[in-house]
Amino acid sequence: MDEILTYGEDVNEAPMQVGGMSLFAELIMSLGTSTKINDKLEALSNYFSVAGDKDKVWMIAIFSGRRPRRSVSAALLQLWCLELVNLPQWLFAECYLTVGDLAETISLLIPPEIMAPKEEQSLHYYIEQLIAIDKQSEEVKKQFVIDAWRQMNQQERFVFNKLITGNFRIGVSQQLMVNALSKVTELPAATVAHRISGNWDPVMTTFSALLHESNTDDSKPYPFYLAYAIEGEPAELGAPDEWQAEWKWDGIRGQIIRRNNELFVWSRGEELITEKFPEYHFLKDKLPDGIVMDGEIISGRQSDEGFLVLPFANLQTRIGRKNISKKQLQEAPVIFIAYDLLEYNHEDRREKTMQERRTQLEQIVAALHSSTVFLSPLIQFNSWAELATTRETARLINSEGVMLKRKSSIYQVGRKRGDWWKWKIDPLTIDAVMIYAQKGSGRRSNLYTDYTFAVKDGDKLVPFTKAYSGLTDKEFGEVDYFVKRNSLEKFGPVRTVKPELVFEIAFEGIAASNRHKSGVALRFPRISRWRKDKKPDEINTLEDLKQMLEQYGK
Amino acid sequence: MALIQFTDKGLYCAEGNFYIDPWQPVDKAVITHAHSDHARWGSKSYLCHTFTKPLLQQRLGDNNYETLDWGQAVLINGVKVSLHPAGHIIGSSQIRVEHNGEVWVVSGDYKTENDGISGEFEPVKCNTFITESTFGLPIYNWKKQADIFIDIQNWIKDCFEKNTNGVIIAYSLGKAQRIIAPIAEVTSNIHAHGAVWNIFQTLKNTGFNFPDIKRIEIDAPKEKYKNAVIIAPPSAEASLWMRRFTPFEVGVCSGWMQVRGNVRRRNIDAGFALSDHADWNGLLQAIEATGASKVFVTHGFQSAFSRYLNEKGIEAAEVKTEFGNDEEASEELKIES
């Protein structure tokens, strides 16, 4: 671990890293507010050209989901801040609700007057110190955090707090960072994306080693190729025989890798989840070496027709758990639906056509004779109209719709238009009334944008879902205006709102749930439109919801 | 009976039979300042500060106006009324009302930092103080005006370096007058939306000095705007009207810019937390300086702010008014799409 460097201690070492934390804070600020992609790219490239080597590595780590584990809890940060500024806890809570971000709230509450003369420190210094204090006493942690706050301006404090508390949601995708790195290193973006993926430790690696061609490890997944939702009619895509259609499944996108007799399972979020799915472990012995399959991790089981897909809610019981019990394995069995082959015989196959990759994949999956790994079935169709009819039956097999892939398509990096499209079925909808509202966070801070909706049950209202999206900014502004004038409570996070505004809620699926009062849990609920034409007594009933559960929730 | 009561027409002094900033037409209205949520149409007579009168004339037309200078007192039905600088915008005043030895002060909108043009906020001793609370949370503490001006100047220089115009969104009455001098230190190529230009014109006719700005004409050729600063009111933000300045960046001057989410939500290039309202410490200092034993908190974070005052041992209560719909206070409720 780095020690704090003092002046003159080592004449060969630069006493300070120019830019350090303040450079990083400036980058975060400009990324957070710039409205043009090119400006963001420019800011990132500029950072990668001038920042210190270790800072660059941490920058990549943070923006690719490799943040060190949280060593100080949010509760402690809040406590220390309150001690420092001498304010009551309820007032801190009010501020937090208005700002919508704990790190920012604290950074705004600490007054500038307590700033001590500043010793410029690097980004990696702070991160590595945060890792170092993880096992230390609360007193040591407190001293470190408070000293850091005192030495920083508001922007730096905000960024420092963010390093501790969680996600940097600042409108920068991993893709954008990859593009900036590509610009600076003059490597193709796909190469950069691959090199910074997989298992690597920001503490141990250097910037040049990370991006060097020798950086390969057996676990490394390929960057996923993602599809956009189709715009317009499929007929505009051209001749049907140039396209391959598959069912779209609602699971976790994943890659299964077998290299040098080891098995790795990656989620799309670049999380290594091998241990969570013992169902796949047999592949270590069964798959030929040097193979990478792309597919969907799904809750389901073998059936007479091949396989049966269970609702996503089942899979949720398997995520976020360290140890999987026998009971869970039985109640929420998991299968893998393979739809692409990215590596075969240790060779990158992504430049081959979809058709070639598919043919090879079919052979591999067939040879497994497995009750856990299945080939994604192709949908036969001769015309777009025929496919449209087949697509209507998707919900009956717990599918979300259809995936269209051009037979000649290579496997690209990231979300791209042109060769792959999602063609989802229309969502289910229900009319409901808003009964609770909460303020949002991030760019929705201090606006009531998070709502709870209810259906009728006789003369009672039964809450059944929350929804956060689907309205335009202007509509959110109108609802916010309504909430601020038609709610009961003055303090605290939740406002009970006069049940007056009716919305149509769209969702992808419905499942039984004993955790919810209504007895149902919805998949991807969102507001599809504001029914200004409807009165609260015209909304749907709990009975309607239960019928939907009966029809689609099995 | 309380010297000032909260009625459905507004703050009412029964002894003097006058209202302060009424939101419905009354016989006699005493006006704190010329923003539209405080000075409304339809009353039979208006009493206001000398600088406020021409602004009211511009907005409300000819009426029966009487004026006072700061510190000058007048008796209305035996109640002594005087105006004192509130530091919010040009002409803005606190209203001091005295009867039988009891003193109430209505703050209107105010800020405690001297902006150099609105007059310096004067703490007025009173028994009861009616305060605004637009920014009544401790997350709102402003940087010094001089530092924010440097930020604005640097942003303009950046715009010019990129060969883009800089559109600054600022309230036509208040913020626009504050920022004009620092802008003029960077460039003389300054243009203003008609609404902004009109206010400048009125104030110039009253005897105020401001750097020269050009009014934006409806059909001006596009080439006219090159390395220019444009001052526009919030209603112009994200409107078609702005297109003529392309390429341009947008910077917003508003206290709400203190919080990142507000900057990001509006999809603007820069936010400057420059406000004409008191910040948290400003509110607390102002209240302390009045020595008031009772405080009424109006428009803003009145629930939280009055609760905090009570916990600090200052008797406070929140009051519902129809203030807080001026451009800055209402801005968080209004999102331009």
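Residues numbered from 1 in each chain as written. Chains lettered and ligands numbered in written order. Predicted model: local features only at pLDDT ≥ 70, side-chain atom pairs only at ≥ 80, totals over all residues.

Naming follows an unreviewed UniProt entry, where chain B appears as Ligase-associated DNA damage response exonuclease of Pinibacter soli.

As recorded in an unreviewed UniProt entry, chain A goes by DNA ligase (ATP) and comes from Pinibacter soli. Here is the UniProt Catalytic activity (unreviewed entry) comment for chain A, exactly as written: "ATP + (deoxyribonucleotide)n-3'-hydroxyl + 5'-phospho-(deoxyribonucleotide)m = (deoxyribonucleotide)n+m + AMP + diphosphate." (UniProt positions renumbered as here; feature names shortened; annotations may be inferred.)

Enquirer: Residue-level account of the sheet that holds strand 11 (residues 414-424) of chain A, with values.
Expert: All names here are of chain A. Pairing is mixed across the open sheet formed by four strands, whose spatial order is 1-11-10-2. With partners counted over all chains shown, the strands left at the sheet margins are strand 1 (225-229) and strand 2 (243-249), one partner each. Taken pair by pair, the neighbouring strands of this sheet meet at an average axis angle of 40°, ignoring direction. Of the pairings in the sheet, the one linking strand 1 to strand 11 comprises five bridges and is parallel in character. Looking at strand 11, one finds that A227 is bridged to K416. (Pairing = 2+ DSSP bridges. Helix = DSSP H or I, 4+ residues; strand = E, 2+ residues; numbered from the N terminus. Axes fitted to C-alpha atoms, helices over the stretch in contact; angles between N-to-C directions.)

Enquirer: So what about the interface of chain A and chain B? Which residues, and what values?
Expert: Taken together, the contacts link 31 residues of chain A with 24 residues of chain B. Looking at the side of chain A that touches chain B, the element that brings in the most residues is helix 18 (residues 473-485) of chain A, giving six residues. When its residues are assigned to classes, the side of chain A that touches chain B shows 11 nonpolar, 12 polar and eight charged. (Contact = placed C-beta atoms within 7 Å. Nonpolar A, V, L, I, M, F, W, Y, C, P; charged D, E, K, R; others polar.)

Enquirer: Kindly report on the sheet that holds strand 15 (residues 229-232) of chain B, identifying the contributing residues and their values.
Expert: Residue and element names in this part refer to chain B. Strand order in the open sheet formed by six strands is 14-13-15-12-16-17, with parallel pairing between adjacent strands. Strands at the two margins of the open sheet, each flanked by one partner only, are strand 14 (214-215) and strand 17 (270-272). The pairing of strand 12 (residues 165-169) with strand 16 (residues 248-253) spans five bridges and is parallel. Note that in strand 16 the partner of I168 across the bridge is G251.

Enquirer: Tell me about the domain arrangement of chain B, and name the residues and values.
Expert: All names here are of chain B. Entries for chain B in the domain assignment read domain 1 (5-139 + 277-333) and domain 2 (145-272). A straight line from the C-alpha centre of domain 1 to that of domain 2 covers 28 Å. Considering only residue class, the side of domain 1 that touches domain 2 consists of nine nonpolar, three polar and six charged. (Domains from an automatic or database assignment.)

Enquirer: Give a description of the environment of B:S235 that names residues and reports values.
Expert: Residues and elements named next belong to chain B. With respect to the helices and strands, S235 occurs in the loop between strand 15 and strand 16. When the 15 C-beta atoms within 10 Å are taken as the criterion, S235 is described as partly exposed. When the C-alpha positions of S235 and Y171 are compared, they lie 9.3 Å apart, and in sequence the two are 64 residues distant. (Buried ≥ 20, exposed ≤ 12 C-beta atoms within 10 Å, placed from the backbone.)

Enquirer: Can you lay out the packing of helix 1 (residues 20-33) of chain A against helix 2 (residues 37-50) of chain A for me, pointing to particular residues and giving the numbers?
Expert: Residues and elements named next belong to chain A. Axis separation between helix 1 and helix 2 bottoms out at 9 Å; the angle between their running directions is 170°. The angle between helix 1 and helix 2 falls in the class roughly antiparallel. Between helix 1 and helix 2, the contacting residues are L23, L27, S30 and L31 on the first element and K40, A43 and Y47 on the second. For the contact of helix 1 with helix 2, the per-class residue count stands at five nonpolar, one polar and one charged. (Parallel < 35°, antiparallel > 145°, perpendicular 65-115°, else oblique.)

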